[in-house]
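What follows is the residue order along each chain.
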Amino acid sequence: SEAPSAVHSEAPSAVPSEAPSAVHSEAPSAVPSEAPSAVLSKAPSAMPSEASSVAPSHLPSEPPSKPKLVCKDNKDIILFNKKCKKLAKGNKKKKKNCKKWDATGRLVKNHCPKSCENCAKLCQDDKGRIVIKGKTYKCSQLTNDQCALVIKIKKKKKQEKRQVREICRKRCNFCSSM
């Protein structure tokens, strides 16, 4: 017949009816329909569509969020046989100690940013230039290999070590290691 039957049959018919049934079936059909349904489904489909949508979305996607750097002292580091809180005690000592470099070329204020009040500048490159093997560079000109170097600077008649990544913190991804 051309119209759907009022009573459910035990087995599917051999020939599809021309009009949709008035009652929804409890199970999905074995063969997909040739045309999309006129009514949107309430739940998403289990499988993704094979073809992408024709029109782009009207709303832009959200930009990826940057993890916020928490300003805290490195509790595992000991500089000059002291932890950060001891190094930065008292105004005169704090200013002096926070500007010190240790024997391996680490700058105290980079590892004790909270105690040395250096949080705002922690992930920025120092201004000025850096000399590596007799050649002068801006931080933005450095290669990744140069970021890993320890250079020597002449200070008060002696050589002092400086880790390049401690000076060019932004370029050398210093903050990503914290």
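Residues numbered from 1 in each chain as written. Predicted model: local features only at pLDDT ≥ 70, side-chain atom pairs only at ≥ 80, totals over all residues. Heavy atoms only, no water.

**Things to note about the overall build of the protein chain**
Let me state the cut-off plainly: Per the convention used, a helix needs a DSSP run of H or I reaching at least four residues, while a strand needs a run of E reaching at least two, with both numbered from the N terminus. Think of it in three bands: with a 1.4 Å probe and only protein chains considered, a residue is buried below 20% of the maximum accessible area for its type, exposed above 50%, and partly exposed in between. Here a residue-residue contact requires only that any non-hydrogen atoms of the pair lie within 4.5 Å.
The number of helices and strands found in the protein chain is five helices and four strands. Going residue by residue from the N terminus, the α and β elements of the protein chain occur as α-α-α-β-β-α-β-β-α. Of all 178 residues assigned to the protein chain, the portion counted as buried reaches 22%. Counted over contacts in the protein chain with a minimum sequence separation of 6, partners at least 24 positions apart contribute 48%.

**Description of a positive patch on the surface**
Just so we agree on the cut-off: Patches were defined on residues exceeding 30% relative accessible area and lacking a salt bridge, with like-charge contacts within 9 Å and nonpolar side-chain contacts (Val, Leu, Ile, Met, Phe, Trp, Tyr) within 5 Å. Only the protein chains shown count as cover for residues, and the accessible areas themselves come from Shrake-Rupley with a 1.4 Å probe. For this analysis, a salt bridge means a side-chain nitrogen from Lys or Arg found within 4 Å of a carboxyl oxygen belonging to Asp or Glu. Charge assignment in this entry is limited to Lys and Arg as positive and Asp and Glu as negative, and neither His nor the chain termini are counted. In this description, the location of a charge corresponds to atom NZ of lysine, CZ of arginine, CG of aspartate or CD of glutamate.
A surface patch of like charges, here positive, comprises Lys-82, Lys-86, Lys-89, Lys-93, Lys-96, Lys-100, Lys-155, Lys-156 and Lys-158. Position of Lys-96 relative to the elements: it lies in helix H2 (residues 91-98).

**Here's the deal with the pattern of salt bridges**
Side chains carrying opposite charge are able to pair once their charged atoms draw close together. On inspection of all chains with the given rule, the structure shows four salt bridges. As a salt-bridge pair, Arg-106 and Asp-102 come within 2.7 Å of each other at their nearest N and O atoms. In this structure Arg-106 comes out as partly exposed when scored by relative accessible area, which is 21%. A salt bridge links Arg-169 to Asp-126; the shortest N-O distance between them is 2.8 Å. Linking Arg-169 in the segment after helix H5 (164-167) with Asp-126 in the loop between helix H3 (108-111) and strand E1 (130-132), this pair joins segments that are 43 residues apart in sequence.

**Section: the state of the cysteines**
Note the cut-off: To count as a disulfide, a pair of cysteine sulfur atoms needs to be within 2.5 Å.
For the coordinates displayed, the defined rule picks out six disulfides. Note that Cys-98 is cross-linked by a disulfide to Cys-116, the S-S spacing being 2.0 Å. Across the disulfide from Cys-98 to Cys-116, rotation about the S-S bond amounts to roughly -85°, and the bridge is consequently left-handed. With Cys-98 in helix H2 and Cys-116 in the loop between H3 and E1, this residue pair connects regions lying 18 residues apart in the sequence. For the pair Cys-98 and Cys-116, one class covers both residues: buried.

**Focus on the nonpolar core**
To keep it simple, the criterion reads: Buried Ala, Val, Leu, Ile, Met, Phe, Trp, Tyr and Cys residues form a nonpolar core when they are joined through side-chain atoms within 4.5 Å.
By size, the foremost hydrophobic cluster in this structure holds 13 residues, and its most contacted members are Ile-130, Ile-132, Leu-142, Val-164 and Cys-168. Breaking this core down by element, the ones donating at least two residues are E1 and H5. Discounting residues that sit within four places of it in the chain, Val-164 has contacts with Ile-130, Ile-132, Leu-142, Gln-146, Cys-147, Leu-149, Ile-151 and Cys-172. Among the nonpolar cores identified, the runner-up in size contains nine residues, and Leu-79, Leu-87, Cys-112 and Cys-116 belong to it.

**Quick word on the pairing of strand E4 (residues 158-163)**
The two faces of a sheet get side chains in turn, since along a regular strand they alternate between them. To be explicit about the condition: Here the rule is simple: two strands pair whenever DSSP picks up at least two bridges between them.
When strand E3 (residues 150-155) meets E4, the two strands line up antiparallel, connected through six bridges. Looking across to E4, one finds that Ile-151 is bridged to Arg-162. Following E3, the chain reverses through two residues before pairing antiparallel with E4; Lys-156 in that reversal takes a positive phi of roughly 45°.

**A word on the side chain of Arg-162**
The following threshold applies: Whenever two N or O atoms come within 3.5 Å, that pair is a polar contact, provided that in protein one can donate a hydrogen and the other can accept it, and provided that, for residues adjacent in sequence, both atoms are side-chain atoms.
Here Arg-162 is to be found in strand E4. Assessed through its relative accessible area of 5%, Arg-162 is described here as buried. There is a polar contact of 3.0 Å between the side chain of Arg-162 and the side chain of Glu-160. Here Arg-162 is in contact with Trp-101, Gly-105, Leu-149, Val-150, Ile-151, Ile-153, Lys-155 and Ile-167, once residues within four sequence places are set aside.

**So, the environment of Leu-142**
Along the chain, the position of Leu-142 falls in the loop between strand E2 (135-137) and helix H4 (144-147). Distance in space between the C-alpha atoms of Leu-142 and Val-164 is 9.4 Å, their sequence separation being 22 residues.

**With respect to the environment of Cys-98**
Among the residues examined, Cys-98 registers a relative accessible area of 6% and is labelled buried. Here the alpha-carbon distance between Cys-98 and Pro-113, two residues 15 residues apart in the chain, equals 8.9 Å. In contact with Cys-98, not counting residues within four places along its chain, are Ala-88, Lys-93, Leu-107, Val-108, Lys-109 and Cys-116.

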